Amino acid sequence: MDEIIRKIGLYGIVPVVKIERPEDTLPLAKAFCNAGLPVMEVTYRTNNAEGAIREITTEMPDMLVGAGTVIEPSQVESAVKAGAKFIVTPNLDVEVVKTCQRHNIPVLPGCATPTDIAAAMSLGLNVVKFFPAEASGGLSMIKAMNGPFGMMKFLPTGGINLDNMLDYLKNDKILAVGGTFMANEGFVRDGQFDRVEMMTHLAMFKMYGFSLAHIGINCGDEQEAKKWAGLMASMFGFDCDEGTGAIFTGCFEFMKEPYLGERGHIAIATNFLERAMFRFETMGFKFDRSQDKFNDRGDLRAAYFADEFFGFAVHLIQK
Ligand code: 3PG
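If you're wondering where the values come from, they're calculated on a predicted model, not measured in any experiment.

For the structure on display, the rule yields twelve salt bridges. The structure contains a network of salt bridges with shared partners spanning Glu222, Lys226, Glu242 and Lys256.

Structure, rendered in structure tokens:
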């Protein structure tokens, strides 16, 4: 998969913006970045799109900025010249797609029907925008099209919001979701960039869905593990589940011999392990990949941070 498309998938959410006033460009881009989402689609719905893309590319080179609402080959030329990293279109226009391909810039054309998808495939594409997502049947339409077009991945936009984004993201045909819900026209018009940042923050953490899964306590031996597990179980009425190396009770995992972490380990569950790891790696955290755990199908299920936190090893696990 193209590196840019892969990154869009790892970010998981693509804010779509319409920038009327040039002076709104950088505050808007910074609001997404501050919330940990350095990706945005600047739409060609105003004359300011090319200038905005150029300004972001120059001033914030780490931002993955794309051009949206691209409906003519000349807009592809303009976006490429300004430094856009990807192109999103509302419809499937063969000339627009071919112009993108000539420039070697990833393109996600808008598709809403099997006919559109077949046309995208014949142009060599395996990821498209699904637009307008909710009005075109939403997730059930994507599921229905999965039979004949199982190889296709989608970026749904159009009607995506905080309430329905997770249903889309949990489907493995979804590359990422996009929309204006983090930076709607009202927020931008009124210069409420703090609200943009807050909405983006909410969307990101809704996607990751971090929650405490368990706390692993290092015991000296099996006897000690049994003692503490038994006490917790009897105090709080938890069930005990004894495995070879540990006893689980409530949110505790009593290790029968010292395991990772000076004191023990903490497991944080997430809806999307690889997206969460990408976020933390982008923030500068490192993972000890020698501790990765996989399921029978070879999917990554758990990953430990390389460093300990307050005497505990911490790992992320896939919900
Ligand atoms: C787009 O161009 O992707 C859509 O207009 C975004 O739709 P939304 O405003 O419903 O998020």
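Attention shifts here to the nonpolar core. A general feature of soluble globular proteins is that nonpolar side chains tend to end up buried together. Among the nonpolar cores identified, the biggest contains 93 residues, and Ile13, Leu28, Phe32, Met40, Val42, Phe154 and Met165 are the most heavily contacted of them. In terms of domain composition, this core takes at least three residues from each of domain 1 (3-207) and domain 2 (211-318). With seven residues, the next largest nonpolar core counts Ala225, Ala229, Met232 and Phe252 among its residues.

We now examine the side chain of His214. Following the sequence through the fold, His214 ends up in strand S10 (residues 211-218). Side chain to side chain, His214 and His265 meet in a polar contact 3.4 Å long.

A few words on the sheet that holds strand S5 (residues 107-108). Here we have six strands laid out as an open sheet, ordered S5-S4-S3-S2-S1-S9, and parallel in their pairing. Every other strand in the sheet has two partners, leaving S5 and strand S9 (177-179) as the edge strands with one partner each. Here strand S1 (residues 13-17) runs beside S9; their pairing, made up of three bridges, is parallel. Across the sheet, Pro15 pairs through a bridge with Gly179, a residue of S9.

Where strands meet in a sheet, backbone hydrogen bonds hold them as pairs that are either parallel or antiparallel. Pairing is parallel in the open sheet, where three strands are placed in the order S6-S7-S8. Unpaired on one side and paired on the other, strand S6 (110-111) and strand S8 (153-156) mark the two borders of the sheet. Pairing between S6 and strand S7 (residues 127-130): two bridges, direction parallel. Considered in S7, the bridge of Cys111 is made with Phe130. Strand contacts of helix H7 (residues 138-145): S7 and S8, with the helix running at about 145° to S7, the strand carrying the most contacts.

Let's shift gears to helix H4 (residues 73-82). Every buried residue belonging to H4 is among Gln75, Val76, Ser78, Ala79 and Ala82, and all of these are buried. Here the buried residues of H4 occupy an arc of 165° about the axis, which is enough to place them on one side. Looking at the packing, one finds that the buried side of H4 touches helix H3 (49-59), strand S3 (64-68), strand S4 (86-88) and helix H5 (94-102).

Moving on, we get to the domain arrangement of the protein chain. As far as domains go, the protein chain holds domain 1 (3-207) and domain 2 (211-318). The straight-line distance from the C-alpha centre of domain 1 to that of domain 2 is 36 Å. Among the residues of domain 1 in contact with domain 2, Leu10, Tyr11 and Met207 are the three that bury the most area, contributing 49% of the side total. For the pair domain 1 and domain 2, the number of links is zero salt bridges. At the surface where domain 1 touches domain 2, the tally comes to three residue pairs in polar contact (both at pLDDT 80 or more). Elements supplying a minimum of two residues to the side of domain 1 that touches domain 2: helix H1 (3-11), helix H8 (165-169) and helix H10 (193-208). Its residues assigned to classes, the side of domain 1 that touches domain 2 shows ten nonpolar, three polar and three charged.

As for its placement among the helices and strands, Met145 is situated in helix H7. The exposure class of Met145 is buried, given its relative accessible area of 4%. C-alpha of Met145 to C-alpha of Ile117: the two residues are 28 residues apart in sequence and 9.1 Å apart in space. Residue contacts for Met145: discarding those within four places in its chain leaves Ala112, Thr113, Pro114, Ile117, Phe130 and Phe154.

On to the packing of aromatic side chains. Within this structure, the stated rule accounts for 15 aromatic pairs. Between the aromatic rings of Phe130 and Phe154, the centroid separation amounts to 6.1 Å while the plane-to-plane angle is 75°, which identifies the pairing as edge-to-face. You can see Phe130 sitting in strand S7 and its partner Phe154 sitting in strand S8, a full 24 residues away along the chain. The burial state of Phe130 is the same as that of Phe154; both residues are buried. With 6.1 Å between their ring centres and 65° between their planes, Phe205 and Tyr208 make a pair best called edge-to-face. Here Phe205 pairs with Tyr208, and both are found in helix H10, just three residues apart, close to one helical turn. Phe205 gets classed as partly exposed once you look at its relative accessible area, which sits at 31%.

How each quantity is defined
Residues numbered from 1 in each chain as written. Predicted model: local features only at pLDDT ≥ 70, side-chain atom pairs only at ≥ 80, totals over all residues. Heavy atoms only, no water. Salt bridge = Lys/Arg side-chain N within 4 Å of Asp/Glu carboxyl O. Core = buried A, V, L, I, M, F, W, Y, C linked by side-chain atoms within 4.5 Å. Buried < 20%, exposed > 50% of the residue type's maximum accessible area, 1.4 Å probe, protein only. Domains from an automatic or database assignment. Helix = DSSP H or I, 4+ residues; strand = E, 2+ residues; numbered from the N terminus. Polar contact = N/O pair within 3.5 Å; in protein donor to acceptor, adjacent residues only side chain to side chain. Pairing = 2+ DSSP bridges. Contact = heavy atoms within 4.5 Å. Axes fitted to C-alpha atoms, helices over the stretch in contact; angles between N-to-C directions. Arc of directions from axis to C-beta. Buried area = accessible area lost by both parts, 1.4 Å probe. Nonpolar A, V, L, I, M, F, W, Y, C, P; charged D, E, K, R; others polar. Phe/Tyr/Trp six-rings, centres within 6.5 Å; stacked < 30°, edge-to-face > 60°.

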